[in-house]
Amino acid sequence: MGPLTPLGQATIKLLASGAAGAFGRPPADPREGPPVLVSAGERLWIDITTPLRSRAGRVILPRVMQVGEARTVALVRELAADPRLPVTHTSRRPLLRAAAHFGRRLRVPAKVLRALTRPERALAYTRKLGEDLDGHLRLPETATPADRLRHAQRMLGGAFPAIVSIMPTALTGYGLYALAARLSGTPLGEMQEVLRSVPNNPTTEMDLELWRLATRIEPEVFRREPVAELVRRYRAGTLPPVAQREITAFLGLYGHRGVAEIDIGVPRWSEEPGHILGALANYLRMDADADHAPAALFARGEVAARRAVDEAVAAARRRGRLRAAVVRFALGRARQFAGLRELPKFYAVKAIAGVRASLLEVGGHLVGEGVLDSARDVFFLDFAELEAAVAGKGGDVRETVAARRAVHERERRRRHVPRVMLSDGTEPEAAMAGAAPEGAITGTPASSGTVTGTARVVLDPVGAQLEPGEILVCPSTDPGWTPLFLTAGGLVMEMGGAMSHGAVVAREYGIPAVVGVPDATHRIASGAQVTVNGAAGTVTTPA
């Protein structure tokens, strides 16, 4: 994760406090967050000391990291062998109590049963959560700055339990996927095609809508004008009429998103639409034929998924008809629900964006009071400081804002950030690093298939152009990156595991992907020819 603005850190702490409360462990002060969150270098770190010193934690932690941040697994196992971290927590009761509290709070058994027996009602429930969230985010025009600050903290502190209640349904889908693999005797890695082009995924729906938008708008101005001019004309309302109307509609649905969107201090696409307008311009400059258009690729992915389901059912039938019936049922549900994995983040970011808009109103008020120079300066203060400023007790905070902004900009330029850092400041991964085989880079298999193409190293997706078939090489991705996926031939990512965002979206698009590749953006140069083997987890370059 990149550096967070001070209010961005405060936002994450409130969300994390809501998560801790769902497990029955709410912190004494929600604004301070649970004690496992530690701030350093403008980033929030998770203190894993307690699970490392727990017998249960040493079993669970590597398994969790394997799917989300696979590169860290070896580090965790190395630290578990360190004599300075002996096991001190031997009882499983605290873990079981927390899991039981979470299950009761979110009514997990009932949601799993509904997903199994009444899938349409399960999906309708997820849609209603979004409608309820929109309602809770609305504030009357008469709301005072103090009202807005209270509302913001209440929304952020209470968002987690509601939003994460989607996960039992999504995890039911993945659990049935694993069950089908076992019953059919098919390794999970060979069943990835089943999860291509799944429905109910807001990220892929967004990407496909952006591509369809590019096919509907007037192309000439986008092929001719630079992005800055497109942004100026869009804000002035002088783009060609279809483009003006359709882009406005797209941002009405997805304008709350952005790159590094988990930070409330980062502008949304609705505020700074240059990334979206640049993506449209890039699509319109391409000469992709109809067969290679993303909509056609997505449709072929659905066909490939149905074929993969039939193959798994056929393999199960050789073991018995009942197995075959269970496998078909399980994979049908898996395809219905797997895409929901992206929905909690979609709703969380919508909540953050709604709170951001409200806090910008607070910032405007403080500018009028002569306390701040710009409404966006609010994001360099925390909630306590904002409350004092609104009450007229904070004094002139402009020097504080300037100092924090300077630190934030310095940290944004930092290229290397340790994945794991010890309390003495050392980086264990640096000590463990060994020489890689000549011409080969190894990571974690994420999306099967093999592709050879030209590498394109991208550190910031805003304004980036990716020609069709190029291999995207990047530090990490979030949904703000995925417009680039529509033209990528493959993906190489420094962070992540099999269930990280980039891996999941790559599988849905059928893009070969390897994640958790150490220093990929340094070791691979733009323009180099590389071969990505998504099944083996290797990236090779010519000797």
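Chemist: If you had to explain the side chain of T477 to someone new, which residues and values would you point to?
Modeler: One can find T477 in the loop between β6 (471–474) and β7 (490–493). Here the side chain of T477 touches G502 through a polar contact of 3.4 Å, landing on its backbone nitrogen. Once residues lying within four places of it in the same chain are set aside, the contact partners of T477 are F485, M493, H501 and G502.

Chemist: Break down a nonpolar patch on the surface for me, citing the residues and quoting the values.
Modeler: A surface patch of nonpolar side chains, amounting to about 310 Å² of accessible area, comprises V59, I60, V64 and L95. When residues of the nonpolar patch are assigned to their parent elements, the largest contribution, three residues, is made by helix α3 (residues 55–68). Relative to the helices and strands, V64 resides in helix α3.

Chemist: Requested: an account of the environment of T521, with residues and values cited.
Modeler: Inspection of the secondary structure assignment puts T521 in helix α22 (residues 520–523). Note: C-alpha distance between T521 and H416 (105 residues apart in sequence) is 11 Å. If sequence neighbours within four positions are ignored, T521 has contacts with R415, V457, L459, V473, C474, P475 and E494. A distance of 2.7 Å separates the side chain of T521 from the side chain of E494, its partner in a polar contact.

Chemist: Give me the lowdown on the sheet that holds strand β9 (residues 529–533), citing residues and values where you can.
Modeler: The eight strands lie next to each other as β3-β10-β9-β5-β6-β7-β8-β4, forming an open sheet whose pairing is mixed. One side of each edge strand has no neighbouring strand; the edge strands of this open sheet are β3 (440–442) and β4 (444–447). Pairwise comparison of adjacent strand axes, ignoring direction, gives a mean angle of 30° for this sheet. Relative to strand β10 (residues 538–540), β9 runs antiparallel, the two sharing three bridges. Counterpart to T531 in the pairing with β10 is T540. Relative to the sheet, helix α21 (residues 501–509) contacts β4, β7 and β8 (513–515), its axis offset from that of β4 by approximately 45°.

Thresholds, definitions, all that
- Residues numbered from 1 in each chain as written.
- Predicted model: local features only at pLDDT ≥ 70, side-chain atom pairs only at ≥ 80, totals over all residues.
- Heavy atoms only, no water.
- Helix = DSSP H or I, 4+ residues; strand = E, 2+ residues; numbered from the N terminus.
- Polar contact = N/O pair within 3.5 Å; in protein donor to acceptor, adjacent residues only side chain to side chain.
- Contact = heavy atoms within 4.5 Å.
- Patch = residues over 30% accessible without salt bridge, like charges linked within 9 Å, V, L, I, M, F, W, Y side chains within 5 Å.
- Areas by Shrake-Rupley, 256 points an atom, 1.4 Å probe, with all protein chains shown as cover.
- Salt bridge = Lys/Arg side-chain N within 4 Å of Asp/Glu carboxyl O.
- Pairing = 2+ DSSP bridges.
- Axes fitted to C-alpha atoms, helices over the stretch in contact; angles between N-to-C directions.

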